[in-house]
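# Secondary and tertiary structure notes
Okay, here's what each chain looks like letter by letter:
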Amino acid sequence: MTRPITLASGQFGDIDLADLCKLVSEIGYDGLELATHAHFNVSKAIDEPGYIDNIKNLLSENGLKCYAISAHLTGQCVGDDWDPRLDNFAPKEIAGKPTEITNWAIKEMKRTAEAAAKMGVKVVTGFTGSPIWKYWYSYPQTTTKMIDDGFKKIYDLWTPIFDVFDEYDVKFALEVHPAEIAFDYYSTKTLFEVFDNRQTLGLNYDPSHLVWQGVNELSFLRDFFDRIYHVHIKDVKVNKNDKAGILGSHLEFGDPRRKWNFVSVGHGDVDFDGIVRELNYFQYEGPLSVEWEDSGMDRIYGATESYEY
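This text gives an overview of the structure that appears in the document.

Conventions adopted
- Residues numbered from 1 in each chain as written.
- Predicted model: local features only at pLDDT ≥ 70, side-chain atom pairs only at ≥ 80, totals over all residues.
- Heavy atoms only, no water.
- Buried < 20%, exposed > 50% of the residue type's maximum accessible area, 1.4 Å probe, protein only.
- Helix = DSSP H or I, 4+ residues; strand = E, 2+ residues; numbered from the N terminus.
- Arc of directions from axis to C-beta.
- Contact = heavy atoms within 4.5 Å.
- Polar contact = N/O pair within 3.5 Å; in protein donor to acceptor, adjacent residues only side chain to side chain.
- 1 Å grid on protein atoms, 1.4 Å probe; cavity = no way out; pocket = protein on both sides within 12 Å on 5 of 7 lines; lining within 4 Å.
- Points joined across faces, edges and corners; volume = space filled by probe spheres on them.
- Nonpolar A, V, L, I, M, F, W, Y, C, P; charged D, E, K, R; others polar.
- Phe/Tyr/Trp six-rings, centres within 6.5 Å; stacked < 30°, edge-to-face > 60°.
- Pairing = 2+ DSSP bridges.
- Axes fitted to C-alpha atoms, helices over the stretch in contact; angles between N-to-C directions.

## Things to note about helix H1 (residues 17–27)
Taken as a whole, H1 has its buried residues at Leu17, Leu20, Cys21, Leu23, Val24 and Ile27. Each buried residue of H1 sits inside an arc of 165° when the element is viewed along its axis, so together they form one side. In this structure, the buried residues of H1 make contact with strand E1 (5–8), strand E2 (31–35), helix H3 (51–61) and helix H11 (299–308). Sitting at the amino-terminal end of H1 is Asp16, which places a side-chain oxygen 3.0 Å from the backbone nitrogen of Ala18. Phi turns positive one or two residues past the end of H1, at Gly28, with a value near 130°.

Laid out in structure tokens, this is it:
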């Protein structure tokens, strides 16, 4: 079974879209997962005549398509309790204003669904944020009610957003990821239960975030397959360093002392052979979107190598 191979544009945000289209086309990619913080401006898509036509023309001229819009940074601002890091994701004029950031993010996610529909795209990938990520270790003592309230808050924040997604017949594909309300197998299961298995909410399956936590990426894929709306191809390497723990030791990504690092596709421990066989078995027809992150490799070389892999 063949399926489109695309590149997530977020890590290439400093490259003009026209130049990026030319580059990925020359490598051989079939399309781009356009990031709203990089190459797809939601406001312009809705309000500026000709903006979407221009993007479609750039893609078409290079033999490319867009199968998903990425709104990871916006989504993070919806569900997180504010800290200064969120100021990097929101408009500068509301930096340091928690309520305004949340309200902006909710409105922007709704508009993202509208913009995606105008673009002819059926899937928006992204994050939800989490008001309870700080409780992950359960110390100081964390009550069940505190966790339940956190999931309820996400339900209350995202339900009006999903209502708009339904209006435009667009799905939201959550990337299960540390710092999100769903970050592993059981938190994902809980999230679907809280939303009563609402079909609007599915998954952007990214195995790299599961493997370093010790979650079997194939078991996750099998059990949640019917909710997988998009797939990220991203690798992670668990290093043989008996001094390091999986929590990262506050060392920056790429530091060789870390227990794990994201690496170019094929250089890590993700079982891509098993994953693709599972996708074939379940007849997944969506794109495989390379999300390239490797602090120790040139990104153009890495994007080319990943496509070939």
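## Some remarks on the layout of surface pockets
Considering only enclosed or pocket space, the largest pocket measures out at about 1,600 Å³ in volume. Lining the largest pocket are 47 residues, with Arg85, Trp133, His177, Pro178 and Ala179 positioned closest to its centre. Of all the elements in the fold, those that place two or more residues in the lining of the largest pocket are E2, helix H4 (72–79) and strand E9 (260–263). If one sorts the elements of the lining of the largest pocket by residue count, H4 sits on top with three residues. Class assignment of the residues belonging to the lining of the largest pocket gives a composition of 19 nonpolar, 16 polar and 12 charged. There is about 350 Å³ of room inside the second largest pocket. Of all the elements in the fold, those that place two or more residues in the lining of the second largest pocket are H1, helix H2 (42–47), H3, H4 and helix H5 (98–119). Sorting elements by how many residues they give to the lining of the second largest pocket places H3 first, with four residues. Taken together, the residues of the lining of the second largest pocket sort by class into 13 nonpolar, seven polar and three charged.

## Quick notes on the packing of aromatic side chains
Tallying each qualifying case throughout the model produces 25 aromatic pairs. Here Phe165 and Phe172 contribute two aromatic rings whose centre-to-centre distance is 6.0 Å and whose plane-to-plane angle is 90°, an arrangement assigned as edge-to-face. Assessed through its relative accessible area of 0%, Phe165 is described here as buried. Note on Phe172: relative accessible area 0%, which makes it buried. Ring centres of Phe253 and Trp260 lie 5.7 Å apart, and the angle between their planes is 55°; this geometry places the pair in the tilted category. Since its relative accessible area comes to 48%, Phe253 is described here as partly exposed.

## Brief notes about the side chain of Thr200
Structurally, the position occupied by Thr200 is in the loop between helix H7 (185–194) and strand E6 (201–205). What makes Thr200 buried here is its relative accessible area of 3%. Here the side chain of Thr200 touches Asp166 through a polar contact of 2.6 Å, side chain to side chain. Those residues in contact with Thr200, other than ones at most four positions away along the chain, are Phe162, Phe165, Asp166, Val170, Lys171, Phe172 and Tyr229.

## Some remarks on the sheet that holds E1
With parallel pairing, eight strands are arranged side by side around a closed barrel as E1-E2-E3-E4-E5-E6-E7-E10. Here the average twist between neighbouring strands, direction ignored, is 35°. Direction of pairing for strand E4 (residues 123–126) relative to strand E5 (residues 171–174): parallel, over a ladder of four bridges. Pairing of Val124 across the sheet is with Phe172, part of E5. The sheet contacts of H7 involve E5 and E6, and relative to E6 the element is tilted by about 155°.

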